[in-house]
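Take a look at the letters that make up each chain.
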Amino acid sequence: MEQYALGFVPERRIFSLRELSAIRSALDRGFTNIWISGEISGTKLVPSGHCYFTLKDADAQIKCVCWKLSYWRLKFKPKDGIQVIVRGRVDIYEQRSEYQFVVEAIEPQGHGALQLAFEQLKKKLLAEGLFETSRKRLLPRFPSRIGIVSSPKGAVIRDFIEILSRRFPGLHIRLFPARVQGPGSIEDICRGLAFFGQTGWAQLTVIARGGGSLEDLWTFNEEAVAHAIANSPIPVVSAIGHETDVSIADFVADLRAPTPSAAAEMIVCTRQELLDRIAGCRAQASRAIHFRLAVLHRRLHEQAIGRAQALLHRSLARRMQRIDDSDERLRTAIRKQLAAHERTRRALEQQLRYFDLRPRLRRARERLNEASVLMASVMRLRLSQRRQRFETLSTKLTQLDPRLVLSRGYAIVLNDRGEIIRQAAATAVGNEVKILFEKDAVTARVTGVP
């Protein structure tokens, strides 16, 4: 009878560790693109750029990893003690035979993700010194070449150019077309700032965008844009959104304008303001020249003798003539300036009628009255001089008036051609003549010539 050997030990199958790690495929099928919630702890950012932390709740915990590229795209950066929800997938780390959660997105619970990310970046850049007042540069007083980084579409660029053209015509403006929200907008803004900074053409750069939500304006809350503004070799003006909108770009820029239209008014003065300044400088220079020439005239008058004195006197007379011309131009400029001040006062009074500006207007009115009194005094002096000259010339003219001679009984005889007859031989018998008296005239016929 044949006997069979019975085996009670099951057949052994030996797996390699890598084969055992094939459990990853099962995890990929059931635990991909899922959301989990918990509290962050043990956050660690390594030099490679990857971020490691633990997500835990009251009952369990799981190790999490956020790869470098995903971490760079996060609007909210992991921070210990923050309750969050994360999106990603479950993975296996073969070297330790541990499963971990690969994070692709993070949102804080109970906070707005964008607002929290905004505060985090603000603290970071503040620590780096990008908000320091000492690094803010002064804008050029009279820029003639202005670069603007904005969208070529919409009302922002049209309003900006219209206001600049109205306030100071003839300025040179270059637009770097850029997307101001959505994919690619960050790169466009950075390229625009780099373009104007490297070419050396623009004297200042303006980044402008209309209003919108926090999400719409998020491009200007990115760290790359903040560093691009800080690294710009020329001053940068931030004109983002409306007056209530605040972005990281506003803190880093050399000047923050509440709106794009306000930026155009802040960086460029009006042509009239510049002309008023020039008129003031001209008046001051004229007074200084007048005083200097008076001092030199006195010195030369005391020192010069003979021919030298005569030559210097003529030279000084020519200079005094130029001063008289300058004085006349100065008076004209003062009248124009006073008229411009009056128009400005009326415009401000109309615009600020809802505000109590009476103290300021009273002081301005006092200065205007002083200027008016001074001007009136000068004008009265000039009129008095002109009146005396007029009376002198009028007296001389009156003495030369032929009617004074006729009033003493003399008469003027004219021939038929209107010519004056000075001798009897200049006429003949039968000719008609006209005899002019003081107030009237008669016509006569010559009946005899001696």
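Refer to the preceding data block for the structure.
Rules used in this analysis
- Residues numbered from 1 in each chain as written.
- Predicted model: local features only at pLDDT ≥ 70, side-chain atom pairs only at ≥ 80, totals over all residues.
- Heavy atoms only, no water.
- Helix = DSSP H or I, 4+ residues; strand = E, 2+ residues; numbered from the N terminus.
- Buried < 20%, exposed > 50% of the residue type's maximum accessible area, 1.4 Å probe, protein only.
- Contact = heavy atoms within 4.5 Å.
- Areas by Shrake-Rupley, 256 points an atom, 1.4 Å probe, with all protein chains shown as cover.
- Patch = residues over 30% accessible without salt bridge, like charges linked within 9 Å, V, L, I, M, F, W, Y side chains within 5 Å.
- Salt bridge = Lys/Arg side-chain N within 4 Å of Asp/Glu carboxyl O.
- Lys, Arg positive; Asp, Glu negative; His and termini not counted.
- Charge placed at Lys NZ, Arg CZ, Asp CG, Glu CD.
- Axes fitted to C-alpha atoms, helices over the stretch in contact; angles between N-to-C directions.
- Parallel < 35°, antiparallel > 145°, perpendicular 65-115°, else oblique.
- Pairing = 2+ DSSP bridges.
- Phe/Tyr/Trp six-rings, centres within 6.5 Å; stacked < 30°, edge-to-face > 60°.

Caption draft 1: Molecular detail of the overall build of the protein. For the protein, the helix and strand inventory stands at 13 helices and 13 strands. Counting over 450 residues, the protein shows a buried share of 30%. Within the protein, counting contacts between residues at least 6 apart in sequence, those at least 24 apart form 61% of the total. If you sum the accessible surface of the protein, you get close to 30,700 Å²; carbon and sulfur atoms cover 55% of it.

Caption draft 2: A look at a positive patch on the surface. Residues R360, R362, R363, R365 and R367 make up a contiguous surface patch of positive charge. Tracing the backbone through its elements, the reader meets R365 in helix α12 (residues 358–399).

Caption draft 3: Spatial organisation of the packing of helix α6 (residues 185–199) against helix α7 (residues 223–230). One can describe the packing of α6 onto α7 by two numbers: an axis separation of 9 Å at closest approach and a directional angle of 5°. Viewed along their axes, α6 and α7 adopt a mutual orientation that is roughly parallel. Residues I186, I189, C190 and L193 of α6 touch α7, and the partners they reach there are A224, V225, A228 and I229.

Caption draft 4: The arrangement of the sheet that holds strand β5 (residues 98–108) in detail. Overall, mixed pairing links the 5 strands, which are arranged β1-β2-β3-β5-β4 in a closed barrel. Each strand axis lies, on average, 50° off the axis of its neighbour in the sheet, ignoring direction. Of the pairings in the sheet, the one linking strand β3 (residues 61–66) to β5 comprises 2 bridges and is parallel in character. Its bridge partner being in β5, C64 is matched across the sheet by F101.

Caption draft 5: Focus on the environment of A249. In this structure, A249 sits in helix α8 (residues 248–252). Owing to a relative accessible area of 1%, A249 belongs among the buried residues under this scheme. Setting aside its immediate chain neighbours within four residues, A249 contacts I207, F220, I229 and S238.

Caption draft 6: The packing of aromatic side chains, seen in detail. Enumeration over the complete set of coordinates arrives at 3 aromatic pairs. On the numbers, 5.3 Å between centres and 35° between planes, the contact of F131 with F251 is tilted. Here the residue F131 occupies a position in the loop between α4 (113–128) and β6 (145–150), and F251 occupies one in helix α8, the gap between them amounting to 120 residues. Owing to a relative accessible area of 14%, F131 belongs among the buried residues under this scheme. Classification of F251 by relative accessible area gives partly exposed; the value is 26%. For the ring pair F176 and F195, a centre distance of 5.7 Å and an interplane angle of 40° mean the geometry is tilted.

Caption draft 7: Focus on the pattern of salt bridges. Summed over all chains, the structure comprises 13 salt bridges. Two residues, E104 and R87, come together in a salt bridge whose shortest N-O distance is 3.0 Å. Here the residue E104 occupies a position in strand β5, and R87 occupies one in strand β4 (residues 83–93), the gap between them amounting to 17 residues. Using a relative accessible area of 35% as the deciding quantity, one classes E104 as partly exposed. Residue class for R87 comes out partly exposed when judged on its relative accessible area of 23%. With a shortest N-O distance of 2.8 Å, R179 and D188 are connected by a salt bridge. Given the relative accessible area of 44%, R179 is considered partly exposed. The network of salt bridges with shared partners includes R179, D188 and R191.

Caption draft 8: A look at the pairing of strand β12 (residues 432–436). Alternating residues of β12 divide into V433 and I435, all buried, and E432, K434 and L436, none buried. Pairing between strand β11 (residues 412–414) and β12: 3 bridges, direction antiparallel. Paired with V413 across the two strands is I435, which belongs to β12. Pairing analysis gives 5 bridges linking β12 to strand β13 (residues 441–445), with the strands arranged antiparallel. The partner of I435 across the bridge, within β13, is V442. Where β12 hands over to β13, the hairpin turn is made up of 4 residues, counted between the paired strands.

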